[in-house]
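Structure assessment
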Amino acid sequence: MHDLYRLIDADPEFHALQRARSRFSWGLLACVFVAFYSFLSVIAFAPTWFSRPLNAHTMVTTGIAAGVAVILFSVVLTAWYVWRANREFDVRNQVLLARLKQRATTR
Amino acid sequence: MRPRASLLAAGLLLPTAAHAADGAVNKLAVAMFLGFVGITLAITFWAARRTRTTHDFYAAGGRITGFQNGLAIAGDFMSAATFLGISALMFEHGFDGLIYAVGGVAGWPLVLFLLAERLKNLGKYTFADAVSLRLQAKPIRSLAATGSLCAVVLYLIGQMVGAGKLVEVLFHLDYDYAVCVIGGLMVFYVSFGGMIATTWVQIIKASLLLAGGSLLAFLVYRHFNYSFDAILRGAVANHPRGIELLEPGHLVRDPVSAISLGTTLLLGTAGLPHILMRFFTVADAPAARRSVLFATGFIGYFYLLIFVLGFGAVALVTHDGGYFDPKTNVMIGGTNMAAIHLAHAIGGDAFLGFMSAVCFATILAVVSGLTLSGASAISHDLYANVFNPHATEQEVVRISKITALVLGVIAVSLGLVFEHQNVAYMVQLAFAIGASVNFPLLFLSMYWRDLTTWGALLGGIMGLTTAVGGIILGPTVWVEVLHHAAPIFPYKYPTLFALAASFSGSLVGSLLDRSPQASAERAAFAAQFVRSQTGLGAEAASVH
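These numbers come from a predicted model, not from an experiment. (Residues numbered from 1 in each chain as written. Chains lettered and ligands numbered in written order. Predicted model: local features only at pLDDT ≥ 70, side-chain atom pairs only at ≥ 80, totals over all residues. Heavy atoms only, no water.)

1. Examining the overall build of chain A
Stated formally: Starting at the N terminus, helices and strands are each numbered in turn, a helix being any DSSP run of H or I of at least four residues and a strand any DSSP run of E of at least two. Every radius of gyration here is taken over C-alpha atoms, with the globule rule written as 2.2 Å times N^0.38, N being the number of residues. Think of it in three bands: residues with accessible area under 20% of the maximum for their type are buried, residues over 50% are exposed, and the middle band is partly exposed, with areas taken using a 1.4 Å probe on protein chains only. By definition in these notes, contact holds between two residues if any of their heavy atoms fall within 4.5 Å. In short, Shrake-Rupley with a 1.4 Å probe defines the accessible areas, and a residue's cover is counted only from the protein chains shown. Working convention for charge: Lys and Arg count positive, Asp and Glu count negative, and His plus the chain ends are omitted. The location of each charge is read from NZ of Lys, CZ of Arg, CG of Asp or CD of Glu.
A tally of helices and strands in chain A yields four helices and zero strands. Each helix and strand of chain A, placed in order from N terminus to C terminus, yields the pattern α-α-α-α. In summary, chain A has a C-alpha radius of gyration of 22 Å against a globular reference of 13 Å for 107 residues, an excess of more than 25%. In terms of overall dimensions, chain A has a C-alpha envelope of 75 × 25 × 15 Å along the principal axes. For chain A, with 107 residues in total, the buried portion stands at 43%. Excluding contacts between residues fewer than 6 apart, the proportion of contacts in chain A whose partners are at least 24 apart in sequence is 67%. Surface summary for chain A: the accessible area is close to 5,700 Å², and the carbon and sulfur share equals 64%. For chain A, the distance from the average position of its 12 positive side-chain charges to the average position of its 6 negative side-chain charges is 6 Å.

And the structure:
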């Protein structure tokens, strides 16, 4: 393995950053899975739930509302991920790389 | 999926279409279409002069911005299958068509959270680059290229047939000529302009489609006094099954089908080679991430419009409007034309021409992206990395251009052969292969240290055979196409089973692999992991 790779792999901050990032992305992914597979499960196992109108004055069913909700939810989670990655993960990654690159050259 | 699709051709053979009862060609559509072709040809010439290296040819020199790439990805994803296909599914099956829209969007966060950044950090031009980084290049690239080509060709057939039908209805051009014109244009864009031209064609098309779709949805809304409720009332009143239109269970009748279809849509996006390839056109991982954000925004917005368009079509594309053949009661051009007829119902001939030209541009752009992706699977993955590792850049690009031509010929011939075939299941098969072959391969190579070459091969082959076998022996091909009495494989959507086969094959194959090579591959994971997380070493890979 390349020297710098070894340095990074041995660095606690790298592992802290990587753990934070992976907790965040797996957490968000779990949310998408729960939302989407709940939507599917209703269609698969209890389709009549989705044919009910939202209220007595409308034709809009819970199914249509749920579909719109899953789409909006997906877009919002995507935006949240990008927002946090831009603000936090990129900065930490740059600092980490700069520090270790310097250490690799001064050794 | 649509039993009536075989009647599509019958409807088209009638010399008069509803909106061209005088037999006249829609002049606005022709003008817009020629304008689009003119602009894209100009872009291709401009791009050709800027394409000097293989890096320019396959990845537009990595100079595309996140916003541009997001628009281009949306362009790649919002194919005619989306706009025409989902509205058609809603027209026939009502609510169940929405599963396609919801699944199509939900696949994007998955691409972002799991793949986009790591893929950009590990790969160069194709997703096979990332997979073969620590595994044996020759067998793994051969597998990845096979998965890519299967998906690309199946997707191409669907688009070709759709485009041929559209041109036939609109310009009264023979189906055969129409398919040849599309094939010729796509080969030209790709072989001369490479990724730069393909990207800009994609961006223009995505903008046109977003604008056209928004305008159409707005006009439908205005027609119903800005009330979604009124659209639904109109749709229910006009649909033969009435209120059942809003109830699930017409397209997917059993739980396994519902879950399997959903999984196909959710994971398929992450395994489509022409989409994955787009992440190499930007400079770095943050730009790849921004691409997905913009793409998801555009795609989510467009799919919400389809809620309006689908139900709007049911409400407005009526029998007394002349959109159905009076003798057979089949929609003229097949239900795939529901959205096009809606444009006519709401905005007359002029708007019909506009929307048709937009759809045509859509198909042209998507087939170009697919062709480039197929060409890179052969030239970059197979030729340059398996058969002739000493090939020069010029040779590799030349092979790409030849491959683009060959793919064009294949697409045109298959487009002609499958003219009377239901196209929706082919696009679904492309997604099924993406979800059950390409996605597990890419995912495991990046996330599972113990994956070895043997495991990847075993899993890939098992996934591919199960997916293709399940489709051929399933109800769509075995019964509807080959006219057997009962399907051998009972489900329409094989993804759930193919995915299980693929993952279990990889798991078992890798865990049983005790060779020294396997140990070396496991040991190489640490360096690959550091690179995938930090982007270190990725810069060197993207500068040729």
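Still to come is the rest of the account.
2. Focus: the overall build of chain B
Scanning chain B for helices and strands turns up 22 helices and zero strands. By the compact-globule yardstick of 24 Å for 544 residues, chain B fits well, its C-alpha radius of gyration being 23 Å. In terms of overall dimensions, chain B has C-alpha extents of about 70 × 50 × 40 Å along its principal axes. The buried share of chain B, reckoned over its 544 residues, is 66%. Put simply, 84% of the contacts in chain B that link residues at least 6 apart link residues at least 24 apart. Once the 30 positive and 27 negative side-chain charges of chain B are each reduced to a mean point, those two points are 8 Å apart.

3. Topic: the environment of D3(A)
Residues and elements named next belong to chain A. By the secondary structure assignment, D3 is in helix α1 (residues 3-9). Judged by its relative accessible area of 49%, D3 falls in the partly exposed class. A C-alpha to C-alpha distance of 7.5 Å links D3 and A104, two positions 101 residues apart in sequence.

4. Some thoughts on the pattern of salt bridges
Residues and elements named next belong to chain B. The following threshold applies: Salt bridges are defined by distance alone: a side-chain nitrogen of Lys or Arg within 4 Å of a carboxyl oxygen of Asp or Glu.
Per the stated rule, a full pass over the model turns up 14 salt bridges over all chains. A salt bridge links E117 to R289; its shortest N-O distance comes to 3.2 Å. With E117 in helix α6 (residues 97-122) and R289 in helix α13 (residues 285-316), this pair connects stretches of sequence that are 172 residues apart. Under the relative-accessibility criterion, R289 is labelled buried at 1%.

5. Remarks on unusual backbone geometry
Residue and element names in this part refer to chain B. The residue Y226 is not glycine, and still its phi comes out positive at about 55°. On the secondary structure map, Y226 appears in the loop between α9 (175-223) and α10 (228-238). Here H483, not a glycine, exhibits a phi torsion of approximately 60°, which is positive. Note on placement: H483 falls in the loop between α18 (475-481) and α19 (495-512).

6. Some points on a nonpolar patch on the surface
We count it as follows: Put simply, a patch holds well-exposed residues, over 30% relative accessible area, that have no salt bridge, with like charges counted together within 9 Å and Val, Leu, Ile, Met, Phe, Trp or Tyr side chains within 5 Å.
A surface patch of nonpolar side chains, amounting to about 370 Å² of accessible area, comprises L507(B), V508(B), L511(B) and L512(B). Residue placement: L511(B) occurs in helix α19.

7. Re the packing of α9(B) against α13(B)
Residues and elements named next belong to chain B. Counted only if it meets this: Lines are fitted to the C-alpha atoms to define the axes, a helix being fitted only along its stretch in contact, and any angle between axes, read from their N-to-C directions, falls within 0 to 180 degrees. Throughout, the term roughly parallel applies to angles under 35 degrees, roughly antiparallel to angles over 145, roughly perpendicular to angles from 65 to 115, and oblique to all others. For any helix crossing, the convention is left-handed if the near helix is rotated counterclockwise from the far helix by under a right angle, and right-handed if that rotation is clockwise. Amino acids are sorted into nonpolar (Ala, Val, Leu, Ile, Met, Phe, Trp, Tyr, Cys and Pro), charged (Asp, Glu, Lys and Arg) and polar (every other residue, Gly among them).
In contact at an axis separation of 9 Å, α9 and α13 are set at 45° when each is read in the N-to-C sense. Viewed along their axes, α9 and α13 adopt a mutual orientation that is oblique. Note on packing geometry: the crossing formed by α9 with α13 is left-handed. Contact residues: L209, L210, G213, S214, L216, A217, V220, Y221 and H223 in α9; F298, Y301, F302, L305, V308, L309, G312 and L316 in α13. Grouping the amino acids of the contact of α9 with α13 by side-chain chemistry returns 13 nonpolar, four polar and no charged.

8. Focus on the nonpolar core
Here is a general trend for soluble globular proteins: nonpolar side chains tend to be buried in one another's company. For clarity, the threshold we go by: Throughout this description, the term nonpolar core refers to a set of buried Ala, Val, Leu, Ile, Met, Phe, Trp, Tyr and Cys residues connected via side-chain atoms within 4.5 Å.
Ranked by internal contacts, the top residues of the largest apolar core, which has 210 residues, are I64(A), F83(B), Y303(B) and F311(B). The greatest single-element share of this core, amounting to 23 residues, is contributed by helix α14 (residues 338-387) of chain B. Those residues in contact with I64(A) that sit more than four places away from it in its chain are F95(B), L98(B), F228(B), L232(B), L246(B), F307(B) and F311(B). If you look at the next biggest cluster of nonpolar residues, it comprises twelve residues, including F14(A), F525(B), F529(B) and V530(B).

9. Considerations on the confidence of the model for chain A
Should pLDDT be low for a region, the predicted coordinates there are not to be read in detail. Note the cut-off: Confidence of the prediction at every residue is given by pLDDT, a number between 0 and 100.
The pLDDT averaged across chain A works out to 91; a share of 98% of its residues lies at or above 70. Ranking the elements of chain A by mean pLDDT puts α1(A) last with 87 and helix α2 (residues 12-45) of chain A first with 95.

10. A closer look at the packing of aromatic side chains
Basically, it comes down to this: Pairing of aromatic side chains here covers Phe, Tyr and the six-membered ring of Trp, requires ring centres within 6.5 Å, and sorts the geometry by plane angle: under 30 degrees stacked, over 60 edge-to-face, intermediate tilted. In this scheme, the term charge over a ring applies when either NZ of a lysine or CZ of an arginine sits within 6 Å of the ring centre and within 35 degrees of the ring normal.
Going through the model one piece at a time under the given rule, you end up with 35 aromatic pairs over all chains. Judged by centre distance (5.9 Å) and plane angle (50°), the ring pair of F83(B) and F302(B) falls under tilted. Taken as a pair, F83(B) in helix α5 (residues 80-93) and F302(B) in helix α13 lie far apart in primary sequence, 219 residues in all. The pair F83(B) / F302(B) is uniform in exposure class, with both members buried. When the ring of F218(B) is compared with that of Y226(B), the centres are 6.2 Å apart and the planes differ by 50°; the resulting orientation is tilted. According to the relative accessible area criterion, Y226(B) is partly exposed, its value standing at 48%. Three or more aromatic residues joined by ring pairs form one cluster here, namely F24(A), W80(A), Y81(A), F89(A) and F113(B). Residue placement shows R84(A) over the ring face of F24(A); its charged tip is 4.5 Å from the ring centre.

11. Comments concerning the confidence of the model for chain B
Residue and element names in this part refer to chain B. Considering every residue of chain B, the mean pLDDT works out to 87; 93% of them sit at 70 or more. Here helix α1 (residues 8-13) is the element of chain B with the lowest mean pLDDT, 36, and α19 is the one with the highest, 96. Confidence drops under pLDDT 50 across residues 1-23; counting only partners more than four residues distant or on other chains, this segment forms 49 contacts.

12. A look at the side chain of T61(A)
The topology assignment puts T61(A) in the loop between α3 (48-51) and α4 (62-106). Discounting chain neighbours no more than four positions away, the residues touching T61(A) are F50(A), S51(A), R52(A), P53(A), L54(A) and L246(B).

13. A closer look at helix α2 (residues 27-50) of chain B
This is how the line gets drawn: In this scheme, a helix's expected span is set at 1.5 Å multiplied by one less than its residue total.
With 24 residues, α2(B) extends 35 Å between its outermost C-alpha atoms, agreeing within 8% with the 34 Å of an ideal straight helix rising 1.5 Å per residue. For α2(B), the complete set of buried residues consists of A29(B), F33(B), F36(B), V37(B), T40(B), I43(B), T44(B) and A47(B).

14. Quick word on the interface of chain B and chain A
The extent of an interface is frequently quoted as the accessible surface area lost upon association of the parts. So the rule is basically this: By definition, the buried area sums, over both parts, the 1.4 Å-probe accessible area that each loses when the two are put together. Under this definition, polar contacts are N or O atom pairs within 3.5 Å; protein pairs additionally need one hydrogen-donor-capable and one acceptor-capable atom, and for neighbouring residues in sequence, both atoms have to be side-chain atoms.
Across the contact, 53 residues belong to chain B and 51 residues belong to chain A. Together, the buried faces of chain B and chain A total about 4,500 Å²; carbon and sulfur atoms form 79% of this surface. A per-residue breakdown of the area chain B buries against chain A is headed by F113(B), R289(B) and L536(B), which together make up 15% of the total. In this assembly, chain B and chain A are joined by one salt bridge. For the salt bridge of D90(A) with R289(B), the shortest nitrogen-to-oxygen distance reads 2.7 Å. Our count for the contact surface shared by chain B and chain A stands at nine residue pairs in polar contact (both at pLDDT 80 or more). Going through the elements one at a time, α6, α10, α11 (255-268), α13, α16 (424-447) and α21 (525-534) of chain B are the ones with two or more residues in the side of chain B that touches chain A. At 13 residues, the largest contribution of residues to the side of chain B that touches chain A is made by α6(B). Each residue belonging to the side of chain B that touches chain A can be placed in one class, and the counts come to 37 nonpolar, nine polar and seven charged.

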